[in-house]
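Chain residues, written in single-letter form:
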Amino acid sequence: MSCEVLVLYFAKSAELADVRSERICVAQQTTSQQLWQEIVSRHPRLAALRDHVILAVCQEYVSIGDQLLLLQPGDEVAIIPPISGG
Amino acid sequence: MFAAEDTKSQDLLIQNLENILNKIKQNKTPFVNENFQHFLNTKNGYLVSSLVTEFLQFFDLGCTMAVFQPETGTLHGSDRGNLAHVLGIVENENTRVGPLLLEVMKRCQNFSSRGDGSSDSSLPVLHNLVTELPLLEAKISLSNKAILRYSRQLVLPELGVKGQLNLSKSSVLIVGCGGLGCPLAQYLAAAGIGRLGLLDYDVVEMNNLHRQVLHGENRQGIPKSLSAATTLKQLNSEVEYICYNMTLTSKIALELIQQYDIIADCSDNVPTRYLVNDACVLTGKPLVSASALRMEGQLTIYNYQGNPCYRCLFPVPPPAETVTNCADGGVLGVVPGIMGCLQALEVQKIASGIGTSFGQFILMFDALEGRFRNIRLRAKNQNCAVCGANPTIGVLQDYEAFCGSSASDKCRTVHLLSKEERISAQEYKKILDEKVPHLLVDVRPPVEVDICHLPDSIYIPLDKLEKKNLDCLNHLKRKLLEGRLKTGEEMSFPVYVICKLGNDSQKAVKILQDLSGKELGALLAKDIAGGLMAWSNKVDPTFPQY
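What you are looking at is a predicted structure, and each value in this text was computed from that prediction instead of being measured. (Residues numbered from 1 in each chain as written. Chains lettered and ligands numbered in written order. Predicted model: local features only at pLDDT ≥ 70, side-chain atom pairs only at ≥ 80, totals over all residues. Heavy atoms only, no water.)

1. Things to note about unusual backbone geometry
Residues and elements named next belong to chain B.
Piece 1. At Arg294, a position not held by glycine, the phi torsion is positive, near 55°.
Piece 2. Despite not being glycine, Lys468 shows a phi value in the positive range, around 50°.
Piece 3. Examined against the element boundaries, Lys468 turns out to sit in the loop between helix H20 (462-466) and helix H21 (470-487).
Piece 4. The class for Lys468 is partly exposed, based on a relative accessible area of 40%. (Helix = DSSP H or I, 4+ residues; strand = E, 2+ residues; numbered from the N terminus. Buried < 20%, exposed > 50% of the residue type's maximum accessible area, 1.4 Å probe, protein only.)

Put into C-alpha cells, the structure is as follows:
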C-alpha cells in the first residue's frame, strides 16, 4: 500500500532539490532509511546532506536508519539542515 | 607672493630633510627601529602607515616618503580606494576633498561626542582579554526606581517580583553582536538582566545596518561589542555590560563561559557553533541557540535539563561547501530580528525561573510562508562525543579543522586556478581599453546581476553552467561564434569570467576549460581575480560594492 505525503524542504535542502515542497507517493509501511532513499532518488544532490539533516515526520524527529514508519496520506515529512547564519 | 611662499616651504622641507639625514649619518638614534618594524608588520601598523602615506600623497608630499621607505619595504604606494574600504569609509564628494586621516578623525569625534556636544564619560570599557568578573550580587528587594521601571512586567503573575529579582542576578553571554545578538541584547537589557557579556571580533560595516539594529551610521569601523553596549547603556544604565572584542577560541571559551549563567549563540559560522556547544556541555551551561538565513530561522535550547546538545543532533559538521553565509545567501533583516527576540524570550524564561519550552524542540520559522513549526527532537544521544555516556571530548578542540572552515562568516577564498589562468581587474581594464576581442561572462545569480554589472557582459549563472543547461550553452556558443566571425581567426578565443569576489569565476573557468575544444570550440578561459569588488576597488570607484 502506498500513500501520498507532503515533503517540505528547508534551507540548503530546498536549494539542492530546487523545490520547497512537493507531494510524493511512498510505501505506507517503510523504514526511515527507505523514505530518505526515496527522496534522494528524486533529488540526488541531497545525498551530500545525509548525516547533516534532521528528518522529521509529522513534526517528530526520526533518525535515518531502521526506524519503522507507518505513514498516513497527507503526512508531513520535513528535511531540516541546520542553518548557521546570524 | 605664492612663488615666494613655495620657495620658503621648499627651503623648510630641505632643511628638515637635511637634519634628518644628518641624524641618520650620525647614527645616534636609528630612524627605523625594531618597534617600528614590528608595528608595521601588524594589521593596525599597516593601516596607520597607509594612512600617513595617503596623507602625504594627498598633498603631493610623496617625496618625504623617501625618508622612511627604503628601510622598511612595507609601505606600498597607498591605494586610497582599498584603504577606505578596509576602514569602512564610504567615499563621497565630501570625503574626497581631504585625506582619509581626516575622515578617521571625524569618525572618532562623532563617536565620542553626544548630541549635546558633551563627551560621554561612562562609555563602556572594551576587553581584549578574559578577566575574572566579580560575582553578581543578589538583591533582596527591588528599589522604587526598579519597581516603576519594570512595573508592566512585574504585574505578570508568571514573572512577579521573584522573577524580576532572578533576572537581576543573572548573567548572559551573547556570542555575536550581529543580527541575532542585537535584538536579543536589547530586550535583555530592557528587561533588567543583571549582566550582559557582549562578544564579537568584528567591526561595524555599512552592510550590517539593515539587521544589526543597535549599531548606526556613525559607528562604522568601531568594534560591534562596544557599539552595542553604547546603545544599550542609553536604554538601561542599570545593567552591567562587558564588551569582549575578540574571537571566541578554544583557548578562552571555558574560562569565559563558566563566568556566565546562560549562553546565547548568535554566531554566524559552524566552527563557533560547535565550540560554544562543547564549552556549554563541559561547563554545564544552558545554550540558547538561534540562527537565521535568507527567510528562515531556527531556535533550540541545548544542554538544558538533560536535553540533547547540538552534537547529539549534528554529530558531524556539514561539508564546508554546503554552508551558505549571509553575504552569499542574503538575509532579510527582520528574520534574525524575530529569531533574536525569541531567544530573548527564552533566556528571560530560563533566567527568571519560568523555564523554557524548547528543550527538546526545534522551532522553525518560515518567513515566506509566515509559519512557525515546532519539531520534537530526539532525546540525548547516549553515544554523543561530548555529552553521551562515554564522552570522548573532554577538552575543547580545533573547531576550524573539525569543520574545515574558518570561524567567521567572511567569504572563503578558493584557489582553483593557477596565476596564468587569472587576470587582475586592472589587466582587464587594459584589454577593454585596447579593444582586444573577447567575451566577458558574468556567472553571478540574476538577482546579483540586477544590482550591478559591467556593460557588454553575457550572463550565465554558475549553477546553470554546472548543470550544462542547454539554453545557456547555446547562448554561449552563439556569442563565441559572433566573436570569432569578427576576428576571423582560428585561435583559441579569449573568454573572461567574472563574479562578485573571484571564487565562482574560478569554478566556471574549470567548467569552460572542460568544454573547450568540444562543443564550444577552442577557447581560452581566464577569470578576473577579485571579481567585481576588485573592479570597484582598483579600477572604477563609482562601481557599487555590495
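2. Let's talk about the environment of Ile140(B)
Piece 1. Mapped onto the secondary structure, Ile140(B) falls in the loop between strand S1 (126-127) and helix H7 (144-149).
Piece 2. Taking the C-alpha atoms as reference points, Ile140(B) and Gln259(B), 119 residues apart in sequence, are found 22 Å from one another.

3. Digging into the sheet that holds strand S14 (residues 523-528) of chain B
Within a sheet, neighbouring strands are paired by backbone hydrogen bonds and run either parallel or antiparallel to one another.
Residues and elements named next belong to chain B.
Piece 1. One open sheet holds the five strands; their spatial order is S10-S14-S13-S11-S12, and the pairing between them is parallel. Both outer strands of the open sheet, strand S10 (422-423) and strand S12 (457-459), are each paired with one neighbouring strand and no more.
Piece 2. Two strands pair when backbone bridges link them, and strand S11 (residues 439-442) and strand S13 (residues 493-498) are joined in this way by four bridges, in the parallel orientation. Residue pairing across strands places Val441 opposite Val497, the latter belonging to S13. (Pairing = 2+ DSSP bridges.)

4. Quick notes on the nonpolar core
Piece 1. Counting residues in hydrophobic clusters, the biggest one holds 43 residues, and the most contacted among them are Ile174(B), Leu188(B), Leu196(B), Leu198(B) and Met339(B).
Piece 2. Of the residues forming this core, the biggest block, seven residues, is contributed by helix H16 (residues 334-352) of chain B.
Piece 3. Among residues more than four places away in sequence, those in contact with Leu198(B) are Ile174(B), Cys177(B), Ala185(B), Ser225(B), Ala228(B), Ala229(B), Leu232(B), Tyr241(B), Ile242(B), Cys243(B) and Tyr244(B).
Piece 4. If you look at the next biggest cluster of nonpolar residues, it comprises 41 residues, including Phe10(A), Ala56(A), Leu199(B) and Tyr244(B). (Core = buried A, V, L, I, M, F, W, Y, C linked by side-chain atoms within 4.5 Å. Contact = heavy atoms within 4.5 Å.)

5. Quick notes on the UniProt feature "active site" (unreviewed entry) in chain B
Piece 1. When the UniProt feature table is mapped to this numbering, "active site" (unreviewed entry) covers Cys326(B) and Cys499(B).
Piece 2. Along the chain, Cys326(B) turns up in helix H15 (residues 326-329).
Piece 3. Overall, the relative accessible area of 9% leaves Cys326(B) in the buried class.
Piece 4. Leave out the neighbours within four places in its chain, and Cys326(B) touches Gly85(A), Gly86(A), Arg211(B), Ala292(B), Leu293(B), Val331(B) and Asp409(B).
Piece 5. Inspection of the secondary structure puts Cys499(B) in the loop between S13 and helix H22 (504-515).
Piece 6. Here Cys499(B) is in contact with Val443(B), Arg444(B), Asp504(B), Ser505(B), Gly531(B) and Leu532(B), once residues within four sequence places are set aside. (UniProt positions renumbered as here; feature names shortened; annotations may be inferred.)

6. Details of the confidence of the model for chain B
Piece 1. Confidence in the prediction for chain B averages 89 pLDDT; 92% of positions are at 70 or higher.
Piece 2. In this model, residues 113-121 of chain B is a region of pLDDT below 50 whose contacts with residues beyond four sequence positions or in other chains number five contacts. (pLDDT = per-residue confidence, 0-100.)

7. Considering the domain arrangement of chain B
Piece 1. With domains assigned, chain B is organised as domain 1 (32-108), domain 2 (151-403) and domain 3 (419-539).
Piece 2. For domain 1 of chain B versus domain 2 of chain B, the separation of C-alpha centres amounts to 38 Å. (Domains from an automatic or database assignment.)

8. Some thoughts on the packing of aromatic side chains
All names here are of chain B.
Piece 1. On inspection of all chains with the given rule, the structure shows ten aromatic pairs over all chains.
Piece 2. Here the aromatic rings of Phe55 and Phe59 are separated by 5.3 Å at their centres, their planes lie at 70°, and the arrangement is edge-to-face.
Piece 3. Residue class for Phe55 comes out partly exposed when judged on its relative accessible area of 31%.
Piece 4. Aromatic pair Tyr274 and Tyr310: ring centres 5.1 Å apart, planes at 70°, arrangement edge-to-face. One end of the pair, Tyr274, is in helix H13 (residues 270-283); the other, Tyr310, is in helix H14 (residues 310-313), with 36 residues separating them in the sequence.
Piece 5. Exposure remark for Tyr274: the relative accessible area of 0% places this residue in the buried category.
Piece 6. Grouping aromatic residues by their ring pairs yields a cluster made of Tyr274, Tyr302, Tyr310, Phe314 and Phe402. (Phe/Tyr/Trp six-rings, centres within 6.5 Å; stacked < 30°, edge-to-face > 60°.)

9. Notes on the interface of chain A and chain B
Piece 1. The interface is formed by 26 residues belonging to chain A together with 40 residues belonging to chain B.
Piece 2. Across the interface of chain A and chain B, roughly 2,800 Å² is buried in total on both sides, 57% from carbon and sulfur atoms.
Piece 3. When the area that chain A buries against chain B is broken down by residue, the three leading residues are Ile83(A), Ser84(A) and Gly86(A), summing to 24%.
Piece 4. The tally of links from chain A across to chain B stands at four salt bridges.
Piece 5. Here Arg294(B) ties to Glu15(A) by a salt bridge, and the two come within 2.8 Å at their closest N and O atoms.
Piece 6. Applying the counting criterion to the chain A and chain B interface returns 15 residue pairs in polar contact (both at pLDDT 80 or more). (Buried area = accessible area lost by both parts, 1.4 Å probe. Salt bridge = Lys/Arg side-chain N within 4 Å of Asp/Glu carboxyl O. Polar contact = N/O pair within 3.5 Å; in protein donor to acceptor, adjacent residues only side chain to side chain.)

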